[in-house]
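Secondary and tertiary structure notes
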Amino acid sequence: MWALRRLASWLATAMASGAPLAAQWPNGITVDQTPHNLTRPASNPNPEMAGRIRNYGEVCVYCHTPHAGPSWLVGPRSPLFNRPRPNASYRMPAHSGSQMIQDPSPGERSRLCLSCHDGTVGLDRAINRPNHYLGPGPANQTIDACEGCHNGGSPAGGINWEGVWLRPDMRKQHPFSVLYDPSRRPGQFRPAAGNDIGGLPLFGGKIECATCHEPHSQQYRYFLRRSNVGNSLCLVCHTSPPSDPVHER
Ligand code: HEC
Ligand code: HEC
Ligand code: HEC
Ligand code: HEC
Ligand code: HEC
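The text that follows walks through the structure, step by step, so that each part is easy to find. This structure is a prediction, so every number in the text was calculated from the model and none was measured.

1. Re the site of ligand 3
Close to ligand 3 lie 19 residues, the nearest being Met49, Cys146, Cys149, His150 and Ile159. Between ligand 3 and histidine 150 there is a distance of 2.8 Å, counted from a nitrogen atom to a side-chain nitrogen or oxygen. Note that an oxygen atom of ligand 3 is positioned 3.1 Å from one of the backbone N or O atoms of isoleucine 159. Of all the elements, helix H4 (residues 143–149) adds the most residues to the shell around ligand 3, at 3 residues.

If you want it as structure tokens, here you go:
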């Protein structure tokens, strides 16, 4: 119920803000001004874009439904998710010095992101489409196809989104769905206070994608929860700057 109320009030705010500020997009602080507004590519007039994503006329519906229908994520902060649960054959991050306990496959909270970013589920596969939408069903194009053109080269112009497709083999990615337990690496990690590590949320004590990312705001690019200038995001948890990058292919 709580999540539903939050959703409703966010929705009201999003609608009250009126037309998206084109000049700010995709670096705005509300989700309609970010790359997570899928009505934007869906209505892009370039012929290359025709039919790749359906325009459901609403921003949130690609990820949420206001009615507690098909959501497969339950519990605190449950965001009434409106997408199928992705279920690829995942390989989890593997790093030589790792000591903390990592789930054998992605946790449900991280699967929310993977339902678009692992390239197995079509971007417009909303389970409940809005009642006022009477057009055809999902075009079902997956994110790997977007990256094929939006990679900084020809033929596509626009934004370079190389790297947005995280393959199900995630051995080189940053550990996630991992129980944050600094006592297993004394001196190398900072203490957490419950489900909070320096302002970043843990989910049941675990690091998930949304620990570092806030999928509704580009206040900091890459949907980060805070700026990473001078490794400042990394240093919220690590006591010294890590040498390897956080996502790698
Ligand atoms: C691209 C997908 C996506 C879109 C679009 C999106 N969200 Fe979310 N939302 C998520 C994910 C993933 C989570 C879970 C991560 C978390 O808890 O921070 C979430 C969590 C939430 C939560 C609960 C967590 C919290 O911070 O309280 C609310 C409320 C919410 N979204 C509202 C909205 C509204 C309203 C819109 C449209 C204006 C919207 N979202 C658009 C992906 C999306
Ligand atoms: C509904 C599908 C969908 C969901 C769910 C989703 N994303 Fe995305 N995300 C996209 C698309 C589409 C893009 C833009 C890239 C493209 O069009 O190829 C994108 C872009 C991004 C980018 C790059 C932004 C930039 O500045 O270049 C990041 C980072 C990202 N997403 C993280 C996340 C995280 C973390 C979650 C979960 C909390 C999430 N996304 C959930 C569809 C989604
Ligand atoms: C066949 C190549 C091709 C594919 C595949 C493709 N696009 Fe595009 N896209 C383009 C071209 C060309 C433009 C127009 C570029 C411009 O106006 O600068 C464009 C424009 C866009 C824009 C608006 C312009 C910008 O970059 O800000 C978005 C957003 C976008 N595409 C997202 C996507 C998403 C999401 C997908 C995957 C579902 C996708 N594209 C797949 C070629 C492609
Ligand atoms: C420990 C923090 C952290 C976690 C956990 C994390 N990310 Fe990221 N992510 C980042 C940072 C920082 C960037 C900015 C670019 C970089 O440094 O690689 C980023 C960039 C991205 C990008 C943009 C493309 C790229 O490679 O630059 C996507 C997409 C993305 N993250 C998705 C995810 C998803 C999905 C998950 C969960 C499976 C996740 N992230 C978990 C910190 C994190
Ligand atoms: C939310 C806390 C958190 C943040 C923020 C964070 N990390 Fe980590 N990082 C961890 C945890 C936990 C591990 C796994 C430790 C283990 O299993 O022993 C880890 C492991 C790593 C590893 C694997 C090698 C090792 O020492 O285990 C690298 C590389 C890494 N992080 C880089 C980064 C980078 C780069 C950033 C900033 C972009 C970052 N991390 C941000 C918590 C975090």
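There is more to say, and it comes next.
2. A look at the site of ligand 5
The environment of ligand 5 is formed by 20 residues, the closest being His174, Arg185, Cys234, Cys237 and His238. The separation between an oxygen atom of ligand 5 and a polar main-chain atom of methionine 100 is 3.1 Å. Here a nitrogen atom of ligand 5 sits 2.8 Å away from a polar atom, N or O, in the side chain of histidine 174.

3. Some thoughts on the environment of lysine 206
Along the chain, lysine 206 falls in strand E4 (residues 206–207). Relative accessible area serves as the criterion here: at 23%, lysine 206 is assigned to the partly exposed category. Along the backbone, lysine 206 and leucine 179 are 27 residues apart, and their C-alpha atoms lie at a distance of 4.3 Å. In this structure lysine 206 touches Asp103, Ser177, Val178, Leu179, Tyr180 and Thr211, once residues within four positions along its chain are discounted. For lysine 206, the side chain forms a polar contact with the side chain of aspartate 103, separated by 3.1 Å.

4. Describing the side chain of serine 232
As for its placement among the helices and strands, serine 232 is situated in the segment after helix H5 (209–212). Looking at serine 232, its side chain comes within polar contact range of the main-chain oxygen of valine 229, at 3.0 Å. Beyond its immediate sequence surroundings of up to four residues, serine 232 is in contact with Arg226 and Ser227.

5. Description of the coordination of the iron atom of ligand 3
Taken together, the protein ligands of the iron atom of ligand 3 are Met49 (SD) and His150 (NE2), with distances of 2.1 to 2.2 Å. Classification of the site at the iron atom of ligand 3 as octahedral follows from its 6 donor atoms and the range of 87 to 179° in their angles at the metal. Here methionine 49 is found in the loop between helix H2 (39–42) and helix H3 (108–117), whereas its partner histidine 150 is found in the loop between H4 and strand E1 (178–179), with 101 residues between them in sequence.

6. Digging into the nonpolar core
One recurring pattern in soluble globular proteins is that nonpolar side chains are buried together. In terms of nonpolar packing, the biggest core is built from 12 residues, these being Met100, Val178, Tyr180, Phe189, Ile197, Leu200, Leu202, Ile207, Leu224, Leu233, Val236 and Cys237. Contact partners of cysteine 237, with chain neighbours within four places excluded, come to Tyr180, Gln188, Phe189, Arg190 and Ile197. With 10 residues, the next largest nonpolar core counts Leu38, Ile53, Cys116 and Ala126 among its residues.

7. Points about H3
Counted residue by residue, H3 has 7 buried out of 10 residues, so it is predominantly covered. Of all the positions in H3, only Arg109, Ser110, Arg111, Leu112, Leu114, Ser115 and Cys116 are classed as buried. Where H3 is buried, its residues touch H4 and H5. The positive-phi residue at the C-terminal boundary of H3 is glycine 119, with phi of around 80°.

8. Some words on the coordination of the iron atom of ligand 5
Taken together, His174 (NE2) and His238 (NE2) make up the full set of protein donors to the iron atom of ligand 5, lying 2.0 Å away. With 6 donor atoms in place around the iron atom of ligand 5 and angles of 87 to 179° between them, the coordination shape is octahedral. Linking histidine 174 in the loop between H4 and E1 with histidine 238 in the segment after H5, this pair joins segments that are 64 residues apart in sequence.

Criteria and cut-off values
Residues numbered from 1 in each chain as written. Chains lettered and ligands numbered in written order. Predicted model: local features only at pLDDT ≥ 70, side-chain atom pairs only at ≥ 80, totals over all residues. Heavy atoms only, no water. Near = heavy atom within 4 Å. Polar contact = N/O pair within 3.5 Å; in protein donor to acceptor, adjacent residues only side chain to side chain. Helix = DSSP H or I, 4+ residues; strand = E, 2+ residues; numbered from the N terminus. Buried < 20%, exposed > 50% of the residue type's maximum accessible area, 1.4 Å probe, protein only. Contact = heavy atoms within 4.5 Å. Donors = N, O, S within 2.8 Å, 3.2 Å for Na, K, Ca; no water. Tetrahedral: all angles 85-135°; square planar, octahedral: opposite > 155°, others 65-115°. Core = buried A, V, L, I, M, F, W, Y, C linked by side-chain atoms within 4.5 Å.

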